[in-house]
Amino acid sequence: TRGLVGAGGNVRIETPAALAFSGTIDTSGATTGGTVAIEARELLAFTGTIDAKGLLAGGTAAVKVEEHLAFSGAIDVSSAGKGGAATVEAREIVAFTGAIDTRGALGGGIARVEAREFLAFSGTIDASSAMARGGAATLAAPVLQVSYSGRIDVSGATGGGQAAVLAERAQVAG
């Protein structure tokens, strides 16, 4: 559903069962990126790629799981204009080693990785901007483990964005 002229398309995958995803979804558009929503009830092993880039604005991507999630894939909602928005959410994110790119030359986008119980983060989030203010990145979980190899960038040419870590208990692991 790639938009060769205009906006990107929309893709929604929803299942009450376990889902393992390793493919590529491309809803990029000539003007704005499209929308991707993946929802699974039990288990999602995500090693694939979501591409929802746009020239004027990035798209929106959401991966939501009721139970456990191991995320080693990539989400790209970047833009030469304003960066898009990406969310990865589950009850327990046993491993986030993937990448989220919400960069935008005219403003960084928004990235959120959230777990209702536990989050182990060693991936990358880039919500930076080369010409404007950086975007926002949030890691949220009652129990959060962040690896030294993890990286979050919300820098911007006209000012940094917001990086937030919301946790009741957090630890940094090597």
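Residues numbered from 1 in each chain as written. Predicted model: local features only at pLDDT ≥ 70, side-chain atom pairs only at ≥ 80, totals over all residues. Heavy atoms only, no water.

Caption draft 1: Region of interest: the overall build of the protein chain. From N to C terminus, the protein chain includes 0 helices and 18 strands. Taken over the C-alpha trace, the protein chain has a radius of gyration of 15 Å; the compact-globule value for 174 residues is 16 Å, and the two agree within 12%. Dimensions of the protein chain along its principal axes, counting C-alpha atoms only, are 40 × 40 × 20 Å. Out of the 174 residues in the protein chain, the part that is buried amounts to 47%. Long-range contacts, defined here as pairs at least 24 residues apart, represent 72% of the contacts in the protein chain between residues at least 6 apart. When the accessible surface of the protein chain is totalled, it reaches about 7800 Å², and 54% of it is carbon and sulfur. (Helix = DSSP H or I, 4+ residues; strand = E, 2+ residues; numbered from the N terminus. Rg over C-alpha atoms; globule rule 2.2 N^0.38 Å. Buried < 20%, exposed > 50% of the residue type's maximum accessible area, 1.4 Å probe, protein only. Contact = heavy atoms within 4.5 Å. Areas by Shrake-Rupley, 256 points an atom, 1.4 Å probe, with all protein chains shown as cover.)

Caption draft 2: Broad picture of the layout of surface pockets. Estimates place the volume of the largest pocket at around 170 Å³. Lining the largest pocket are Glu 14, Thr 15, Pro 16, Glu 39, Ala 40, Arg 41, Lys 64, Val 65, Glu 66, Glu 89 and Arg 116. Listed by contribution, the elements that provide at least two residues to the lining of the largest pocket are strand S1 (10-15), strand S4 (35-40) and strand S7 (60-65). In the lining of the largest pocket, the residues fall into 3 nonpolar, 1 polar and 7 charged. (1 Å grid on protein atoms, 1.4 Å probe; cavity = no way out; pocket = protein on both sides within 12 Å on 5 of 7 lines; lining within 4 Å. Points joined across faces, edges and corners; volume = space filled by probe spheres on them. Nonpolar A, V, L, I, M, F, W, Y, C, P; charged D, E, K, R; others polar.)

Caption draft 3: Broad picture of the environment of Val 143. Relative to the helices and strands, Val 143 resides in strand S15 (residues 143-147). Counting along the chain gives 24 residues from Val 143 to Leu 119, while the straight-line C-alpha distance between them is 6.4 Å. Dropping the residues within four chain positions of it, Val 143 is found in contact with Glu 117, Phe 118, Leu 119 and Arg 169.

Caption draft 4: Quick peek at the environment of Ser 79. Tracing the chain through its elements places Ser 79 in the loop between strand S9 (74-76) and strand S10 (85-96). Separated by 27 residues in the primary sequence, Ser 79 and Leu 106 place their C-alpha atoms 8.4 Å from one another. Here Ser 79 is in contact with Gly 54, Leu 55, Leu 56, Ala 57, Gly 58, Arg 103, Gly 104 and Ala 105, once residues within four sequence places are set aside. A distance of 2.8 Å separates a polar side-chain atom of Ser 79 from the backbone oxygen of Gly 54. (Polar contact = N/O pair within 3.5 Å; in protein donor to acceptor, adjacent residues only side chain to side chain.)

Caption draft 5: Molecular detail of the packing of aromatic side chains. Across all of its chains, the model carries 4 aromatic pairs by this definition. Between Phe 21 and Phe 46, the ring centres sit 5.2 Å apart and the planes meet at 25°, which makes this aromatic pair stacked. Residue Phe 21 is located in strand S2 (residues 19-21), and its partner Phe 46 is located in strand S5 (residues 43-46); the two are separated by 25 residues in the primary sequence. When sorted by exposure, Phe 21 lands in the same class as Phe 46, which is buried. A ring pair is formed by Phe 71 and Phe 96, whose centres lie 4.8 Å apart and whose planes are at 5°; its orientation type is stacked. In this pair, Phe 71 is assigned in strand S8 (residues 68-71) and Phe 96 in strand S10, connecting sequence segments 25 residues apart. Classification of Phe 71 as buried rests on a relative accessible area of 1%. Its relative accessible area of 0% is what places Phe 96 among the buried residues. Three or more aromatic residues joined by ring pairs form one cluster here, namely Phe 21, Phe 46, Phe 71, Phe 96 and Phe 121. (Phe/Tyr/Trp six-rings, centres within 6.5 Å; stacked < 30°, edge-to-face > 60°.)

Caption draft 6: Representation of the pattern of salt bridges in the model. Applying the stated criterion across every chain yields a total of 11 salt bridges. In this structure, Glu 117 engages Arg 91 in a salt bridge whose closest nitrogen and oxygen atoms are separated by 2.7 Å. Here Glu 117 is found in strand S12 (residues 110-121), whereas its partner Arg 91 is found in strand S10, with 26 residues between them in sequence. Taking the relative accessible area as the measure of exposure, Glu 117 reaches 38% and is therefore partly exposed. For Asp 126, the salt bridge is made with Arg 103, and the minimal N-O distance between the two is 3.7 Å. (Salt bridge = Lys/Arg side-chain N within 4 Å of Asp/Glu carboxyl O.)

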